[in-house]
Protein chains: 2
Amino acid sequence: MKKIKDLQTLIDSNVLPKRLALAVSQDAHSLEAVNKAFLAGLIDPVLVGSKVETLKIAQELNLDFSGATFIDEIYPSKAVETAVKLVNEKKADFLMKGNIPTPALLKAVLNKEWGLRTGNLLSHFALFETENYHKLIAVTDVAMNIAPNLKDKIGIINNAVTFMYKLGIYLPKVAIIAAIETVNENMQATLDAAMLSIMNKRGQINDCVIDGPLAFDNAISVESASHKKIKSEVAGDADLLIMPNIEAGNVLYKSLVWFAKAKVASVILGASSPIVLTSRSDSEECKFDSILLATRG
Amino acid sequence: MKKIKDLQTLIDSNVLPKRLALAVSQDAHSLEAVNKAFLAGLIDPVLVGSKVETLKIAQELNLDFSGATFIDEIYPSKAVETAVKLVNEKKADFLMKGNIPTPALLKAVLNKEWGLRTGNLLSHFALFETENYHKLIAVTDVAMNIAPNLKDKIGIINNAVTFMYKLGIYLPKVAIIAAIETVNENMQATLDAAMLSIMNKRGQINDCVIDGPLAFDNAISVESASHKKIKSEVAGDADLLIMPNIEAGNVLYKSLVWFAKAKVASVILGASSPIVLTSRSDSEECKFDSILLATRG
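Values in this document were obtained by computation on a predicted structure and should not be read as measured data. Along each chain, residue indices are assigned from 1 in the same order as the chain's sequence is written. Chain letters start at A and ligand numbers start at 1, both assigned in the order the entries are written. The predicted origin of the model limits local features to residues at a pLDDT of at least 70 and limits the giving and counting of side-chain atom pairs to 80 or more, whereas totals for whole chains, interfaces and linings rest on all residues. In computing side-chain properties, one takes all heavy atoms of the structure into account and sets aside hydrogens as well as water.

Draft legend 1. Representation of the overall build of chain A within the structure. Runs of E in the DSSP output that reach at least two residues are strands. Runs of H or I that reach at least four are helices, and both are numbered from the N terminus. Counting secondary structure elements, chain A contains 10 helices and 11 strands. A burial count over chain A gives 58% of its 297 residues as buried. By the convention used here, residues are in contact when the closest approach between their heavy atoms is within 4.5 Å. Looking at chain A alone, contacts between residues at least 24 apart form 70% of all its contacts between residues at least 6 apart. Method for areas: the Shrake-Rupley scheme with a 1.4 Å probe, in which residue coverage is limited to the protein chains shown. On chain A, roughly 12200 Å² of surface is accessible, and the fraction owed to carbon and sulfur atoms is 50%. This count recognises Lys and Arg as positive and Asp and Glu as negative, with His and chain-terminal groups excluded. Where a charge lies is defined by one atom per residue type, namely NZ (Lys), CZ (Arg), CG (Asp) and CD (Glu). The distance from the centre of the 32 positive side-chain charges to the centre of the 33 negative ones in chain A is 2 Å. Working definition: with a 1.4 Å probe on protein chains only, accessible area under 20% of the residue-type maximum means buried, over 50% means exposed, and in between means partly exposed.

This is the structure we're talking about:
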């Protein structure tokens, strides 16, 4: 796939629309994208929050939600709980963050009684479309795990690989990113990369081809990899980049969006279904594409 | 300044050409850029290495070095030592890496008897030109210091700020980059950023305006900073980005060059004069621009 919009071609009309539970729905920033996905037939929204306020915002933005389900919960904390429980009880397919801080949403997701835990680590997964690469490229984790250790990185890889199969990206090529392509005992990122590569060869991490350490340019450019005489199935053709820490991930995400003018869709993985957790500063298109991405989960 | 080429307008014809000592000059990858800078009147090259091999490469590449100085040293280790000593003894103005591994060059630079030590930390300084920013933007450290601590970061900032004055960038706006713009006790990058900001306010780090923590987008976009309600002289208008670790720096460097098609020039700072240390995979233009940048030191 070359474009995020191509995900729509994967859609099986028998399984759509998916039921989206919007947690704390009185939220101009998400309602517009939710409405667009609703009108496109991708989702059946369940708007959980203050019905009066939600309808007021919808009217101001000229959004038609007739046919959508409203669950009136004026208290945000109660609305989040209700939305999460809808997914837990299979009355909704996936969750989207509305007008509530991220920590409050994640706390509800991780609730032991009625949350969406699976035993897996939660991780952030971003899918980029850029003119200067020959296919879509996924990057993880740029927003959830601060300084993942080896075990965390295995969880992050497994979350991403499992989800990529649902996107039709089979046996993804996974590049473990570091600042250099050699193993350096003073750089933990390169040590973890070597370990992950061998764990993949030994069948401890499956359904993907892992290579690392690779510097960013080695991972995405055949020319750069050949300059360094790197022989690798992954180099120059990576489907998925595993970032060594949240700073490197976040800077890559932001530089692709702001300086390389890339398009991006993202979800949180590791719960029972993908969670859409866009931020205020994301574009309308990014929010819509993130909903589209989550419908594949 | 908007373009790296604009550095040429700063040139004082009284101080040029600068004398460049190329360490181990039998090197196709640097000779071409050195020749271009020579013909442009920027430098007076002193080619230290095997004269026979250097002339052979020059002939193959059709480069005219008549008027350049040759110092015939067939042993690479001796050639590096000679080139470094030329700068130490003020017989050359700055050093450029030729056909020798970086660690061998740096070892010579750090030699206590005849090296180029100043007591300052060595750090890498990169200057980017990109269509999607309103001026040149400097980034440090993307290649030398792996996991700089607070003291190292002060050294990195001082190296960069001192050099930026020589580029005509006075009172540079310095953004300390982290994954988020708030102080989080679990994220060392945000703690260091807060400390560096206050050290600047208290006059412990001078000749610049520091603010942080800032995420990459807050640093380079007024729009993004205002979404986050950040009030800052630096946000959206940074001249210099201080990266939290080498992985984040390296990924930013590579993504700007490969995906955002930015132009870049870079030097090593902290020695008695800038050192040009380009890599095989850098473009010819990058190598020339790095020499241009070093002539300002």
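Once you've had a look at it, read on.
Draft legend 2. Seen up close, the interface of chain A and chain B. With 36 residues of chain A at the contact, the number on the chain B side is 36 residues. Of the roughly 3300 Å² buried between chain A and chain B, counting both surfaces, carbon and sulfur atoms make up 72%. In this structure, the salt-bridge partner of Asp217 of chain B is Lys254 of chain A, at a minimum N-O distance of 3.0 Å. Think of a polar contact as two N or O atoms within 3.5 Å of one another; within protein, one of them needs to be a possible hydrogen donor and the other a possible acceptor, and neighboring residues in sequence only count if both atoms come from side chains. For the pair chain A and chain B, the interface holds 7 residue pairs in polar contact (both at pLDDT 80 or more). The nonpolar class holds Ala, Val, Leu, Ile, Met, Phe, Trp, Tyr, Cys and Pro. Asp, Glu, Lys and Arg form the charged class, and all remaining residues, Gly among them, are polar. Residues of the side of chain A that touches chain B, tallied by class, amount to 20 nonpolar, 10 polar and 6 charged. Once two parts are brought into contact, the accessible area they lose, counted with a 1.4 Å probe and summed over both, makes up the buried area. Salt bridges are defined by distance alone: a side-chain nitrogen of Lys or Arg within 4 Å of a carboxyl oxygen of Asp or Glu.

Draft legend 3. Expanded view of the relation of the copies chain A and chain B. For the match of chain A to chain B, the screw axis carries a shift of 0.0 Å, the RMSD comes to 0.0 Å, and the turn is 180 degrees. The symmetry that links the two subunits is that of a two-fold axis. Here 100% of the interface residues in chain A have copies in chain B that are interface residues too; the copies meet face to matching face. Alignment of the copies relies on least squares applied to C-alpha atoms, considering only residues that score at least 70 for pLDDT in both.

Draft legend 4. Structural view of the packing of aromatic side chains. Pairing of aromatic rings covers Phe, Tyr and Trp, the last through its six-membered ring, and needs centres within 6.5 Å; plane angles under 30 degrees mean stacked, over 60 mean edge-to-face, and all others mean tilted. Inspection of the entire model under this criterion finds 12 aromatic pairs over all chains. Ring centres 5.5 Å apart and planes at 85 degrees place the aromatic pair Phe216 of chain A and Phe259 of chain B in the edge-to-face group. Taken together, the positions of Phe216 of chain A in helix H7 (residues 216-220) and Phe259 of chain B in the loop between helix H9 (246-258) and strand E10 (263-269) put the pair across two chains. Grouping residues by exposure puts Phe216 of chain A and Phe259 of chain B together as buried. The interplanar angle of 75 degrees and the centroid separation of 5.5 Å between the aromatic rings of Phe128 of chain B and Tyr253 of chain B together place this pair among those described as edge-to-face. Linking Phe128 of chain B in strand E5 (residues 123-129) with Tyr253 of chain B in helix H9, this pair joins segments that are 125 residues apart in sequence. This pair shows no difference in class: Phe128 of chain B is buried, exactly as Tyr253 of chain B is. An aromatic cluster is present here, built from Tyr133 and Phe216 of chain A together with Phe259 of chain B joined pairwise through their rings. Here, over-ring charges are defined by two tests on the NZ atom of lysine or the CZ atom of arginine: distance to the ring centre within 6 Å, and angle to the ring normal within 35 degrees. Lying over the aromatic face of Phe288 of chain A, Lys36 of chain A brings its terminal NZ or CZ to 4.4 Å of the ring centre.

Draft legend 5. Seen up close, the environment of Met195 of chain B. Residue and element names in this part refer to chain B. Among the secondary structure elements, Met195 is positioned in helix H6 (residues 188-201). For Met195, a relative accessible area of 36% corresponds to the partly exposed category. Once the C-alpha coordinates of Met195 and Ala175 are considered, the two residues, 20 residues apart in sequence, prove to be 13 Å apart.

Draft legend 6. Structural view of unusual backbone geometry. A cis amide bond, omega 0 degrees, links Thr140 of chain A with the succeeding residue Asp141 of chain A. If you trace the backbone, Asp141 of chain A turns up in the loop between strand E6 (137-140) and helix H5 (150-166). Across the junction of Gly212 of chain B and Pro213 of chain B, the peptide omega takes the value 5 degrees, indicating a cis bond. Within the secondary structure, Pro213 of chain B is located in strand E8 (residues 209-214). The backbone of Asn62 of chain A sits at a positive phi, close to 60 degrees, despite the residue not being glycine. Tracing the backbone shows Asn62 of chain A in the loop between helix H2 (51-60) and strand E3 (69-72). You can call Asn62 of chain A exposed: its relative accessible area is 70%. Even without being a glycine, Asp207 of chain B presents a positive backbone phi close to 70 degrees. Inspection of the secondary structure assignment puts Asp207 of chain B in the loop between H6 and E8. Asp207 of chain B gets classed as partly exposed once you look at its relative accessible area, which sits at 47%.

Draft legend 7. Main features of the nonpolar core. Membership of the largest hydrophobic core comes to 62 residues, with the highest contact counts inside it found for Phe128 and Leu241 of chain A together with Phe128 and Leu241 of chain B. With near-sequence residues (within four places) excluded, Phe128 of chain B lies in contact with Leu136, Ile137, Val139, Tyr253, Leu256, Val257, Ala262, Lys263 and Val264 of chain B. For the purposes of this section, nonpolar cores are sets of buried Ala, Val, Leu, Ile, Met, Phe, Trp, Tyr and Cys residues that join through side-chain atoms within 4.5 Å.

Draft legend 8. Structural view of helix H10 (residues 284-294) of chain A. For H10 of chain A, a buried count of 9 out of 11 residues is recorded, marking the element as mostly surrounded by other parts of the structure. Taken together, the buried positions of H10 of chain A are Cys286, Lys287, Phe288, Asp289, Ser290, Ile291, Leu292, Leu293 and Ala294 of chain A.

Draft legend 9. Local environment of the packing of helix H5 (residues 150-166) of chain B against H6 of chain B. Residue and element names in this part refer to chain B. Only the contacting stretch of a helix is used when fitting its axis, a line to C-alpha atoms as for every element, and angles between N-to-C directions run 0 to 180 degrees. Where H5 contacts H6, the axes come no closer than 11 Å and their chain directions differ by 55 degrees. The angle between the axes of H5 and H6 places the two elements in the oblique class. In the packing of H5 onto H6, the handedness of the crossing is right-handed. Counting all contacts with H5, which are made through Leu150, Lys153, Ile154 and Ile157, the residues of H6 involved are Ala189, Asp192, Met195, Leu196 and Met199. A per-class count over the contact of H5 with H6 returns 7 nonpolar, no polar and 2 charged. To sort the angles, those under 35 degrees are grouped as roughly parallel, those over 145 as roughly antiparallel, those from 65 to 115 as roughly perpendicular, and the leftovers as oblique. Throughout, a crossing is termed right-handed when the near helix is turned clockwise from the far one, and left-handed when it is turned anticlockwise from it by less than a right angle.

Draft legend 10. Layout of the environment of Ala37 of chain B. Residue and element names in this part refer to chain B. Residue position: Ala37 is located in helix H1 (residues 28-39). Note on Ala37: relative accessible area 0%, which makes it buried. Linking Ala37 and Phe288, residues 251 residues apart in sequence, is a C-alpha distance of 6.5 Å. For Ala37, the contacting residues outside a window of four places in its chain are Leu42, Ile43, Phe288 and Ile291.

Draft legend 11. Spatial organisation of the side chain of Asn250 of chain B. Note that Asn250 of chain B resides in helix H9. Given a relative accessible area of 8%, Asn250 of chain B falls into the buried group. In terms of polar contacts, Asn250 of chain B uses its side chain to reach the backbone carbonyl oxygen of Val142 of chain B, at 3.4 Å. With residues near it in sequence (within four places) discarded, Asn250 of chain B still touches Ala178, Ala179 and Ala215 of chain A together with Val142 of chain B.

Draft legend 12. Quick peek at the confidence of the model for chain A. Scored by pLDDT, chain A has a mean of 95; 99% of the residues are at 70 or more. Note on the complex model: pTM 0.93, ipTM 0.90. A residue's pLDDT is the predictor's confidence in that residue, given on a scale from 0 to 100.

Draft legend 13. Just the pairing of strand E2 (residues 43-49) of chain A, in detail. All names here are of chain A. Counting buried positions along E2 gives 6 out of 7 residues, so the element sits mostly inside the fold. Here, a strand pair is defined by DSSP locating no fewer than two bridges between the strands. Alignment of strand E1 (residues 18-23) against E2, held across 6 bridges, turns out to be parallel. Bridge pairing in E2 places Leu22 opposite Leu47. Orienting the strands away from the viewer, one traces the path from the first strand over the helix to the second; a clockwise path indicates a right-handed crossover. Crossover E1 to E2 through helix H1 (residues 28-39) is right-handed. Note: E2 against E3, 4 bridges, orientation parallel. For Leu47, the partnering residue across the bridge sits in E3 and is Phe70. Considered for its hand, the β-α-β crossover made up of E2, H2 and E3 is right-handed.

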